[in-house]
Amino acid sequence: MEIIVEILTTILSQFQKPTLAFLIGGMLLAALGSRLEVPEPVYKLVVLLLLMKVGLGAGIAVRGANLMELAVPALGATIAGIVIVLIGRAILLRQQGVSPMDGMATAGLFGAVSASTLAAAMGMLDAEGVAYEGFIGALYPFMDVAALLTAITLARMSAARSIVSTPDEAGTATMTMGGNGSGFNGTFVKDILVDTLKSPAISALLLGLALGLFARPETVYASFYEPLFHGLLSLLMLVMGMEAWARLADLRKVAHVYILYGILAPFVHGAIGFAIGMAANHFTGFSAGGVVLLAVMASSSSDVSGPPTLRAALPEANSSSYIGTSTALGTPIAILSIPLWMALAEAMIAG
Amino acid sequence: MEIIVEILTTILSQFQKPTLAFLIGGMLLAALGSRLEVPEPVYKLVVLLLLMKVGLGAGIAVRGANLMELAVPALGATIAGIVIVLIGRAILLRQQGVSPMDGMATAGLFGAVSASTLAAAMGMLDAEGVAYEGFIGALYPFMDVAALLTAITLARMSAARSIVSTPDEAGTATMTMGGNGSGFNGTFVKDILVDTLKSPAISALLLGLALGLFARPETVYASFYEPLFHGLLSLLMLVMGMEAWARLADLRKVAHVYILYGILAPFVHGAIGFAIGMAANHFTGFSAGGVVLLAVMASSSSDVSGPPTLRAALPEANSSSYIGTSTALGTPIAILSIPLWMALAEAMIAG
Amino acid sequence: MEIIVEILTTILSQFQKPTLAFLIGGMLLAALGSRLEVPEPVYKLVVLLLLMKVGLGAGIAVRGANLMELAVPALGATIAGIVIVLIGRAILLRQQGVSPMDGMATAGLFGAVSASTLAAAMGMLDAEGVAYEGFIGALYPFMDVAALLTAITLARMSAARSIVSTPDEAGTATMTMGGNGSGFNGTFVKDILVDTLKSPAISALLLGLALGLFARPETVYASFYEPLFHGLLSLLMLVMGMEAWARLADLRKVAHVYILYGILAPFVHGAIGFAIGMAANHFTGFSAGGVVLLAVMASSSSDVSGPPTLRAALPEANSSSYIGTSTALGTPIAILSIPLWMALAEAMIAG
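Residues numbered from 1 in each chain as written. Chains lettered and ligands numbered in written order. Predicted model: local features only at pLDDT ≥ 70, side-chain atom pairs only at ≥ 80, totals over all residues. Heavy atoms only, no water.

### Thoughts on the overall build of chain A
Line of reasoning, step 1. A tally of regular secondary structure across chain A gives 16 helices and zero strands.
Line of reasoning, step 2. Taking 351 residues into account, the globule formula puts the C-alpha radius of gyration at 20 Å, and chain A, at 20 Å, falls close to it.
Line of reasoning, step 3. If one aligns the C-alpha atoms of chain A with their principal axes, the spans along those axes are about 60 × 50 × 45 Å.
Line of reasoning, step 4. Classification of the 351 residues of chain A by burial places 58% in the buried group.
Line of reasoning, step 5. In chain A, 87% of the contacts between residues at least 6 apart in sequence involve partners at least 24 apart.
Line of reasoning, step 6. In the form shown here, chain A has an accessible surface area of approximately 13,100 Å², with 67% of it arising from carbon and sulfur atoms. (Helix = DSSP H or I, 4+ residues; strand = E, 2+ residues; numbered from the N terminus. Rg over C-alpha atoms; globule rule 2.2 N^0.38 Å. Buried < 20%, exposed > 50% of the residue type's maximum accessible area, 1.4 Å probe, protein only. Contact = heavy atoms within 4.5 Å. Areas by Shrake-Rupley, 256 points an atom, 1.4 Å probe, with all protein chains shown as cover.)

Below you can see the structure in the form of structure tokens.
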């Protein structure tokens, strides 16, 4: 009982902290019809700087890390990405009003990772003085790529199977990726992989990672990327809040199951990530902050890199269903539930 | 005599300080035909960050303030906004070549507040080490909304009266705001109020105010918004200077009285604000810096929030007359005359 | 032998420093086909802030400098700009497949100065703790304007001469600049000069210079422009790297001599600047850092101010040949060879 009170107290106190307060502020502005807007190039700059910061920090940390230490959480992140997509398929594809393509795209997006949400969680842990492994940013691509690859592969395989029975659609369905015209085959997985890695978010993260690993960017990291982190994060949260509210209207057009999925999935997926993190904590001493960040990554759905990748790979899917569900529900709920994982980790690990 | 020399010395020394120097630099660049330009999204980002900074600072200060202390200057700011518009109406509407709509729009814009000018004055006081009440930013909406509401209401009332005599124009004149089609009525004032509060500038300021008041944004304020303030202000002054020069050409097309009004109004309005501030100083111990800022707010004319609000509420007014007068004359003169109020306050309060 | 090893070691160590690492990172991203992009307004903001920083710093330094100290390097910079263009003409105009206009435009661009490259060199010297004269930024316009004026004047003179023999083209060839319609004459040089000074890059630099010289911007320089310098430089290098790679494709369309020129010119021109700097070092005690920066300015080719000036003044020249050569080869090679001049200066002056 005491633990629950403690958890609720921790959660409530976070709502006054800048990160969540700016998110809620952005939602309120949009809800009240403000004409305030953050220009697109500014949004892109903010995301670029935050991702580079996360990547550089991870790269610098990986350079000094024991690679085995990294291997366990990386495997865990990969497993989380795949499991989340498989659960999404099991749930969404048996619902009425959900086409297989739309369902797989939604499952893929919720399996992939939101850089903003991860940055928000890092900011909140920093502000609380909770330590986490410096290399955590390097886990992002493992979960993200695993989820997108799994979702796109399963969607294309199911489309290929339906082609056999309905040969008329074959032309459009098989020509969409890489233009190889030969349906599902080996180079297809590589094409998705390469396409995902080329997306702006993953590129920025991997660039930061590579620079942190192979160059010596410590000075510019300490004088520029790190000091600006919290301020840029506050701007990003503002934009995410406004964006989430603006997207709510999209949900009127989609099946009810998407709304239910968008609300519950962040909690279920976060719990999966949390459980994997707890296992790593048990066996390899993975930090409490690391467990929180793994839970948050699993809980989040991709907002920067996922949508264009899915749109390119699964053009038949209706983007307003999966992007609406993710942006209007998945992302804000994932961000707002960060304090839950913080409180849980504090109760279960420190205790 | 000595006081006048002292005042002139204070004024001259300010022209070498970054704030005014960047404004003059921007004017010179435009006058010399430079092709340098600051992209629109950058301008919007700078204004957003400055307004959030002013709002956050005010919100944090209001949280700890005695509300009665705030009430007197807030009332003063409201009165200043209304009085300035009434004076503007008395002067402008009896001039030849000034339509009632154009005159009221101009009076409203000069009664409203320029966030850039306020930020410039804060920057200059900070640099001189002159203290002012932290909640000053919270006075901005009182004066701004009072002036815009008064101007738009008077303009619509006079249009409604002329509709009675010239029924043909009724349709266009009464349908412009809120589309209620019933001429001037009660919901009309609320519509203007809501529309003004939704404008980007007031929204950003109120958002900062609310976050400062209800959340705990002290860390991100101190690590991001405050340190960047002076640098962003220098960029904004550069843009204002270029913009002022570019707008000068507009003035060739308007009646001479606008030019005279644009030059003199900042001084007359500033004196009104200064007098109200001095009264508050006398009765409630309002600070010298506060008196300066109230004078500057009264002296300034709106550049971010006013124009779109007026354009929406008074579509019959010729925007090149009121925006030209304000941007090319009112705003730069208000900024350049900030040292005058600083010198006056120093001579009258410290002395 | 030892000196060569030392030079190579110095060079290699620079490739891990942020400046070059971000440039190479940008190239790799583009080479690997990443969809990451830095929006145009962000790029413009970064360049504006860097140029203002260089200008402000130079202005503040010139204010306290002995003007004779500045005169010798300024003369050296002017001579370097002219000599580089004359060499370019001697080499390029006798090659097959190079039109006189294209050749002169390329020579002009390689004689002009790249603000990004200069900023990169300053950043690298700062990071190594190598001192240089504060006024160095003020030399930029001398070399830049001298090179562009020489190239455009020579190109227009040769076009005027060919007009005598082929009167049919007279109309188009002589009407391009200033529209005076009287062929080559006195006001023509002034027109180019004014046009060059109005270009965004030179304007921003001269504005910073004037503000540093006549105002007192020390506080905002120290609190904003200087602390952001290295971080913004890292972003700029990223963009330059991506841009360089993207422009490589242009080179397939141009004559081979451009490729050879683009690769070798930075080294030859840098050596000319280095020699002039060494002379100034010998006679007036010009610093080792100053020698490096003069070499880098000479080595670099203009990327911000030069192209639009040349496009306006020499519209007959094929911009894909000169901009392609400069952006894809000249600029990255000039940046990558900065460590060479640093190592040489260290070996020859400190030794």
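Now that the structure is up, let's keep going.
### Some thoughts on the interface of chain A and chain C
Line of reasoning, step 1. On the side of chain C, 24 residues touch chain A, which itself brings 25 residues to the contact.
Line of reasoning, step 2. Surface buried jointly by chain A and chain C totals about 2,000 Å² across both partners, of which 72% is contributed by carbon and sulfur atoms.
Line of reasoning, step 3. Our count for the chain A to chain C interface comes out at two salt bridges.
Line of reasoning, step 4. Between arginine 35 of chain C and aspartate 195 of chain A there is a salt bridge whose closest N-O contact spans 3.1 Å.
Line of reasoning, step 5. Counting every contact that joins chain A to chain C gives six residue pairs in polar contact (both at pLDDT 80 or more).
Line of reasoning, step 6. Of all the secondary structure elements, the ones that give two or more residues to the side of chain A that touches chain C are helix H3 (40-63), helix H9 (186-198), helix H10 (200-214) and helix H11 (218-247) of chain A. (Buried area = accessible area lost by both parts, 1.4 Å probe. Salt bridge = Lys/Arg side-chain N within 4 Å of Asp/Glu carboxyl O. Polar contact = N/O pair within 3.5 Å; in protein donor to acceptor, adjacent residues only side chain to side chain.)

### Points about the packing of aromatic side chains
A ring pair, where both rings are aromatic, is described by two values, the distance of the centres and the angle of the planes.
Line of reasoning, step 1. Following the criterion strictly, the structure yields twelve aromatic pairs over all chains and no others.
Line of reasoning, step 2. Taking the centre distance of 5.0 Å and the plane angle of 85° together, the rings of phenylalanine 224 of chain B and tyrosine 225 of chain B count as edge-to-face. Of the two residues, phenylalanine 224 of chain B and tyrosine 225 of chain B, neither departs from the other in class, the shared state being buried.
Line of reasoning, step 3. Counting every residue linked through ring pairs, the aromatic cluster contains Phe22 of chain A together with Phe224 and Tyr225 of chain B. (Phe/Tyr/Trp six-rings, centres within 6.5 Å; stacked < 30°, edge-to-face > 60°.)

### Let's talk about the relation of the copies chain A and chain C
Line of reasoning, step 1. Each copy superposes on the other: chain A lies on chain C with an RMSD of 0.0 Å after a rotation of 120° and an axial shift of 0.0 Å. On the angle and the small slide along the axis, the relation comes out as a three-fold axis. Minimal C-alpha distance to the rotation axis in chain A is attained by proline 41 of chain A, lying at 3.9 Å.
Line of reasoning, step 2. Mapped onto chain C, only 4% of the interface residues of chain A are again interface residues, and the two copies thus contact each other with different surfaces. (Least-squares fit on C-alpha atoms with pLDDT ≥ 70 in both.)

### Focus on the interface of chain A and chain B
Line of reasoning, step 1. Taken together, the contact between chain A and chain B spans 24 residues of the former and 25 residues of the latter.
Line of reasoning, step 2. With both sides pooled, the region where chain A packs onto chain B buries about 2,000 Å², and carbon together with sulfur makes up 72% of that total.
Line of reasoning, step 3. Sorting the residues of chain A by area buried against chain B places Gln16, Phe22 and Arg35 of chain A first, and these three jointly supply 29% of that buried surface.
Line of reasoning, step 4. The interface formed by chain A and chain B contains two salt bridges.

### Topic: the pattern of salt bridges
Line of reasoning, step 1. Enumeration according to the criterion identifies 24 salt bridges over all chains in this entry.
Line of reasoning, step 2. When the shortest N-O distance is used, the salt bridge between glutamate 37 of chain A and lysine 44 of chain B registers 3.5 Å. Placement of glutamate 37 of chain A in the loop between helix H2 (18-31) and H3 and of lysine 44 of chain B in helix H3 (residues 40-64) is noted, with the two residues assigned to different chains.
Line of reasoning, step 3. Here the salt bridges share partners, and the residues they tie into one network are Glu243, Arg247, Asp250 and Lys253 of chain A.

### So, the packing of H3 of chain A against H11 of chain A
Residue and element names in this part refer to chain A.
Line of reasoning, step 1. Contact geometry for H3 and H11: axes closest at 8 Å, N-to-C directions at 135°. As summarised for this structure, H3 and H11 are arranged oblique, according to the angle between their axes. The element H3 and its partner H11 pack so that their crossing is left-handed. Counted together, Tyr43, Val46, Val47, Leu49, Leu50, Met52, Lys53, Leu56, Gly57, Ile60 and Arg63 of H3 and Glu218, Tyr221, Phe224, Tyr225, Glu226, Phe229, Leu232, Leu233, Leu235, Leu236 and Val239 of H11 form the full contact between these two elements.
Line of reasoning, step 2. Of the residues belonging to the contact of H3 with H11, the class tally is 17 nonpolar, one polar and four charged. (Axes fitted to C-alpha atoms, helices over the stretch in contact; angles between N-to-C directions. Parallel < 35°, antiparallel > 145°, perpendicular 65-115°, else oblique. Left-handed = near helix turned anticlockwise from the far one by under 90°. Nonpolar A, V, L, I, M, F, W, Y, C, P; charged D, E, K, R; others polar.)

### Considerations on H3 of chain B
Line of reasoning, step 1. With 25 residues, H3 of chain B ought to run about 36 Å at 1.5 Å a step, and its terminal C-alpha atoms sit 37 Å apart, in line with that.
Line of reasoning, step 2. Where burial is concerned, most of H3 of chain B is hidden: 19 out of the 25 residues are buried. (Expected span 1.5 Å × (residues − 1).)

### Observations regarding the nonpolar core
Line of reasoning, step 1. Ranked by internal contacts, the top residues of the largest apolar core, which has 256 residues, are Tyr225 of chain A, Tyr225 of chain B together with Tyr225 of chain C.
Line of reasoning, step 2. Apart from the residues lying within four places of it in its own chain, the contact partners of tyrosine 225 of chain C are Phe22, Gly231, Ser234 and Leu235 of chain B together with Leu49, Met52, Lys53, Leu56 and Val220 of chain C. (Core = buried A, V, L, I, M, F, W, Y, C linked by side-chain atoms within 4.5 Å.)

### Considerations on the side chain of serine 203 of chain C
Line of reasoning, step 1. In this fold, serine 203 of chain C is placed in helix H10 (residues 200-214).
Line of reasoning, step 2. Among the polar contacts made by the side chain of serine 203 of chain C, one reaches the main-chain carbonyl oxygen of lysine 198 of chain C at a distance of 3.2 Å.
Line of reasoning, step 3. Apart from residues lying up to four places away in sequence, serine 203 of chain C is in contact with Leu29, Ser34, Arg35 and Leu36 of chain B together with Leu197 and Lys198 of chain C.

### A few points about the relation of the copies chain A and chain B
Line of reasoning, step 1. Mapping chain A onto chain B is achieved by rotating through 120° and translating by 0.0 Å along the same axis, at an RMSD of 0.0 Å.
Line of reasoning, step 2. Of all interface residues in chain A, a mere 4% are interface residues in chain B too; the two copies therefore contact each other through different surfaces.

### Side note on a nonpolar patch on the surface
Residue and element names in this part refer to chain A.
Line of reasoning, step 1. Nonpolar side chains collect at one region of the surface, where Leu260, Ile263, Leu264 and Val268 lie side by side and expose about 350 Å² of accessible area between them.
Line of reasoning, step 2. Take valine 268: it is sitting in helix H12 (residues 256-284).
Line of reasoning, step 3. On the accessibility criterion, valine 268 (43% relative accessible area) is partly exposed. (Patch = residues over 30% accessible without salt bridge, like charges linked within 9 Å, V, L, I, M, F, W, Y side chains within 5 Å.)

### A look at the environment of alanine 61 of chain C
Residues and elements named next belong to chain C.
Line of reasoning, step 1. Inspection of the secondary structure puts alanine 61 in helix H3 (residues 40-63).
Line of reasoning, step 2. Spatially, the C-alpha atoms of alanine 61 and methionine 27 are 35 Å apart, while their sequence positions differ by 34 residues.
Line of reasoning, step 3. Every residue in contact with alanine 61, bar those within four places of it in the chain, is listed here: Gly134 and Phe135.

### Brief notes about the packing of helix H4 (residues 67-92) of chain B against helix H5 (residues 100-111) of chain B
Residues and elements named next belong to chain B.
Line of reasoning, step 1. As a packed pair, H4 and H5 sit with axes 8 Å apart at the nearest point and diverge in direction by 150°. Relative to H5, the element H4 lies roughly antiparallel. In terms of crossing hand, the pair formed by H4 and H5 is right-handed. Packed against H4, whose contacting residues are Gly81, Ile84, Val85, Gly88, Arg89 and Leu92, the element H5 presents Gly103, Met104, Thr106, Ala107, Gly108, Phe110 and Gly111 at the interface.
Line of reasoning, step 2. Residue classes in the contact of H4 with H5 are distributed as six nonpolar, six polar and one charged.

### Considerations on helix H12 (residues 256-284) of chain C
Residues and elements named next belong to chain C.
Line of reasoning, step 1. For H12, with 29 residues, the first-to-last C-alpha span of 42 Å sits near the 42 Å given by 1.5 Å per residue.
Line of reasoning, step 2. At leucine 264, H12 shows its largest kink, close to 40°, and the proline proline 266 lies no more than four residues downstream.
Line of reasoning, step 3. Glycine 285 sits one or two positions beyond H12 and adopts a positive phi of about 70°. (Bend = angle between axes of the 7 residues up to and from the residue.)

### Focus on the environment of tryptophan 245 of chain B
All names here are of chain B.
Line of reasoning, step 1. Relative to the assigned elements, tryptophan 245 resides in helix H11 (residues 218-248).
Line of reasoning, step 2. With relative accessibility at 38%, the residue tryptophan 245 sits in the partly exposed group.
Line of reasoning, step 3. Each C-alpha atom of the pair tryptophan 245 and alanine 31 lies 6.6 Å from the other, and the pair is 214 residues apart in sequence.
Line of reasoning, step 4. Aside from chain neighbours lying at most four places away, what touches tryptophan 245 is Met27, Ala30 and Ala31.

### Some words on the environment of alanine 147 of chain A
Residues and elements named next belong to chain A.
Line of reasoning, step 1. In this structure, alanine 147 sits in helix H7 (residues 140-165).
Line of reasoning, step 2. Classification of alanine 147 by relative accessible area gives buried; the value is 0%.
Line of reasoning, step 3. Alanine 147 sits 90 residues away from glycine 57 along the chain, and the two C-alpha atoms are 24 Å apart.
Line of reasoning, step 4. Non-local contacts of alanine 147, meaning those with residues more than four positions away in its chain, are made with Gly81, Val85, Gly108, Gly111 and Ala112.

### Section: the confidence of the model for chain A
All names here are of chain A.
Line of reasoning, step 1. Residue-level pLDDT values for chain A average 87, and 92% of them are 70 or greater.
Line of reasoning, step 2. Across chain A, helix H13 (residues 288-299) holds the top mean pLDDT of 97, while helix H8 (residues 170-174) sits lowest at 41.
Line of reasoning, step 3. Below pLDDT 50 for its whole length, residues 168-183 participates in 24 contacts with residues either more than four positions away or in separate chains. (pLDDT = per-residue confidence, 0-100.)

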